[in-house]
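# Commentary on secondary and tertiary structure
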Amino acid sequence: MDYPCLDAACSAPVEGEPALILCFAHGRALSQLRAIPREGLLIGRTEVVFDDAFRDAEMSLRHAKVHPAGKGRFALTNLSEQPGTRVNGSLVHGEHLLEPGDVIRAGETLMIYTRSTQLRPGPVEPLGNSDVMRAVQRSIQSVASRRHTVVITGQTGTGKEVVARMIHDRSGRSGPFVAVNCSTFTEALLPSELFGHVRGAFTGAVAEHPGLFRAARGGTLLLDELADIPMSVQSSLLRVLEAQEVRPVGGTRDVGIDVRVIATVNTEIRDLVASGKFRADLYARLAQWTVRLPRLAERREDIPFLVGTLLARADGAGRRISADLGEALLVHDWPLNVRGLLNILSIAVVSTEGTDCPLALTSEVLTALWATRKLDVDLSDSPAEAARATLDADELHELMVQFKGHVAAAGRHVGMTRSKLYRLLEAHGMEPSAFRESLSRPQGGQASAWEDGMARSKPPLSGGSAPVWQHRPAAPKVRPLHSS
Ligand SMILES: Nc1ncnc2c1ncn2[C@@H]1O[C@H](COP(=O)(O)OP(=O)(O)OP(=O)(O)O)[C@@H](O)[C@H]1O
Ligand SMILES: [Mg+2]
């Protein structure tokens, strides 16, 4: 049967109105949205920006203002001497031009600046309320009850299997949902696992095996990690999808099936097709509908909602969250996406002593956040996103010392363009020439001047001008961003 091609289902949502989302206040994860009026707004202890006044004892009466900055953009100006206002974990000195996704901390209250098309409260969506996840939900809704095969793309931990199950649950199909991880079988074993085998088909085939296609009859078969299906199996799979029939290994008869196939990939399969590692005809047959899942870092506004649902799974239902932990969760780059968030929450639950106190940014959580920190800089990212997934002052110092101030070589080492690295150095007030001679690491093993200086200038682990989670537990060595 021919289906209309419904690819590119999940297009980027239209950028909406400027708004603030209240994410954490009084130790609670929240998701209140407030459009920013044209003239801007004041953030202060007794101001009513969201449903109630902030009433945050750590917030000044006039803490910060969000005001128009021309061309439809808004800026934040800090008005509070102590403790100041932070954006994405850094103290704002004067004015900061806001980018969607910026995390604002005023006292113990955390907000996200966004541009949203959903300014009126709607129903709570099962995957998250960000514009981009609402688009994913619409995409799921559109395809669930149809016969189309679906490819779900997204990085590890973004929820591909969750979405596959949701499509099956809403499909009205009476058969089971069966999942197979294609990467766990060898080239020799995968065909019999998928299509079954007859008795005596090969040494050790002492009994007939129906295979997963037949196990999923009337339901859905999830081919997880599709990109790992060897070429030799791809042609059999194409035949099965075309004919809705499987021929067990060693058999001579085809067996009819009625199975809806969903596949997941965490790389863009188009790239594999282009490089000849995946059959173009199979890809075309599978990708009748595509659902693309965004990285968690692209939808930070969903973090409070996810914290609420994941805490129950991490044995921490109803626990409050300290402002430091909330800020770290909102600002982290989440390379392991939702799975990473679940891990961190589990660590926070176990490592926070006492069941009455809020979950804290313990040293165990801090270590786990540093261990999973992403350094890759995707040049296709938005400037704000790229700036976040980048090197901090300590790492830049280390990199400059390692490459004796040679920016091009340092850039190649970390997979960053020279101009990007220059911009970063400039932003941190570092002059590459200063590293060329005087600050290079002495050979004799003695700590250099800059190491002593860095050690002295490092803020304490709590208090100070930067958030505690910005200071790593132990300095990791600068490694290439694109090392394999
Ligand atoms: N929107 C969500 N709400 C609640 N939990 C979620 C959500 N998205 C993902 N999760 C949880 O995050 C974890 C990872 O999700 P899932 O296994 O679906 O990711 P994946 O994209 O298939 O990852 P991988 O590529 O590594 O297989 C699971 O524990 C899942 O329950
Ligand atoms: Mg998966």
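To keep things clear, this report deals only with the structure shown in the data block.

### Points about the overall build of the chain
Helix and strand content of the chain: 16 helices and 17 strands. Looking at the chain residue by residue over its 484 residues, the buried ones come to 37%. Across the chain, contacts joining residues at least 24 apart in sequence account for 66% of those joining residues at least 6 apart.

### A closer look at the environment of H148
Within the element layout of this structure, H148 appears in the loop between α1 (131-144) and β11 (150-153). A count of 21 C-beta atoms within 10 Å places H148 in the buried class. Placed 140 residues apart in sequence, H148 and Q288 show a C-alpha to C-alpha distance of 5.8 Å.

### Comments concerning the site of ligand 1
Near ligand 1 lie 17 residues; those nearest to it are T156, G159, K160, E161 and V338. At the level of elements, α2 (160-169), α8 (303-313) and α10 (337-351) are the ones that each hand at least two residues to the shell around ligand 1. Grouping the constituent residues of the shell around ligand 1 by class yields 5 nonpolar, 9 polar and 3 charged. Taken domain by domain, the makeup of the shell around ligand 1 includes at least three residues from each of domain 2 (131-292) and domain 3 (299-371).

### With respect to the sheet that holds strand β12 (residues 177-181)
Pairing is parallel across the open sheet formed by 5 strands, whose spatial order is β12-β13-β16-β11-β17. One side of each edge strand has no neighbouring strand; the edge strands of this open sheet are β12 and β17 (289-292). Within the sheet, the average angular offset between the axes of one strand and its neighbour, ignoring direction, is 20°. With 4 bridges joining them, β11 and β17 adopt parallel strand pairing. Its bridge partner being in β17, T153 is matched across the sheet by R292. In the packing of α2 onto the sheet, contacts are made with β11, β12, β13 (220-224), β16 (260-265) and β17, and the angle to β16 comes to roughly 165°.

### Quick look at the pairing of β13
Most of β13 sits out of view: 5 of its 5 residues are buried. Side chains T220, L222 and D224 of β13 all project onto a buried face; the interleaved residues L221 and L223 project onto the opposite face, where all are buried too. When β12 meets β13, the two strands line up parallel, connected through 5 bridges. Note on β13: the bridge partner recorded for A179 is L222. When β13 meets β16, the two strands line up parallel, connected through 4 bridges.

### Focus: the nonpolar core
I21, C23, M111, V307, L325 and L330 are the most contacted members of the largest nonpolar core, which totals 52 residues. Considering each element in turn, this core owes the most residues, 7 residues, to strand β1 (residues 17-25). Formed jointly, this core draws a minimum of three residues from each of two domains, domain 1 (17-116) and domain 3 (299-371).

Scoring rules and cut-offs
Residues numbered from 1 in each chain as written. Chains lettered and ligands numbered in written order. Predicted model: local features only at pLDDT ≥ 70, side-chain atom pairs only at ≥ 80, totals over all residues. Helix = DSSP H or I, 4+ residues; strand = E, 2+ residues; numbered from the N terminus. Buried ≥ 20, exposed ≤ 12 C-beta atoms within 10 Å, placed from the backbone. Contact = placed C-beta atoms within 7 Å. Near = placed C-beta within 6 Å. Nonpolar A, V, L, I, M, F, W, Y, C, P; charged D, E, K, R; others polar. Domains from an automatic or database assignment. Pairing = 2+ DSSP bridges. Axes fitted to C-alpha atoms, helices over the stretch in contact; angles between N-to-C directions. Core = buried A, V, L, I, M, F, W, Y, C linked by C-beta atoms within 7 Å.

Any functional reading would require information beyond the geometric quantities listed.
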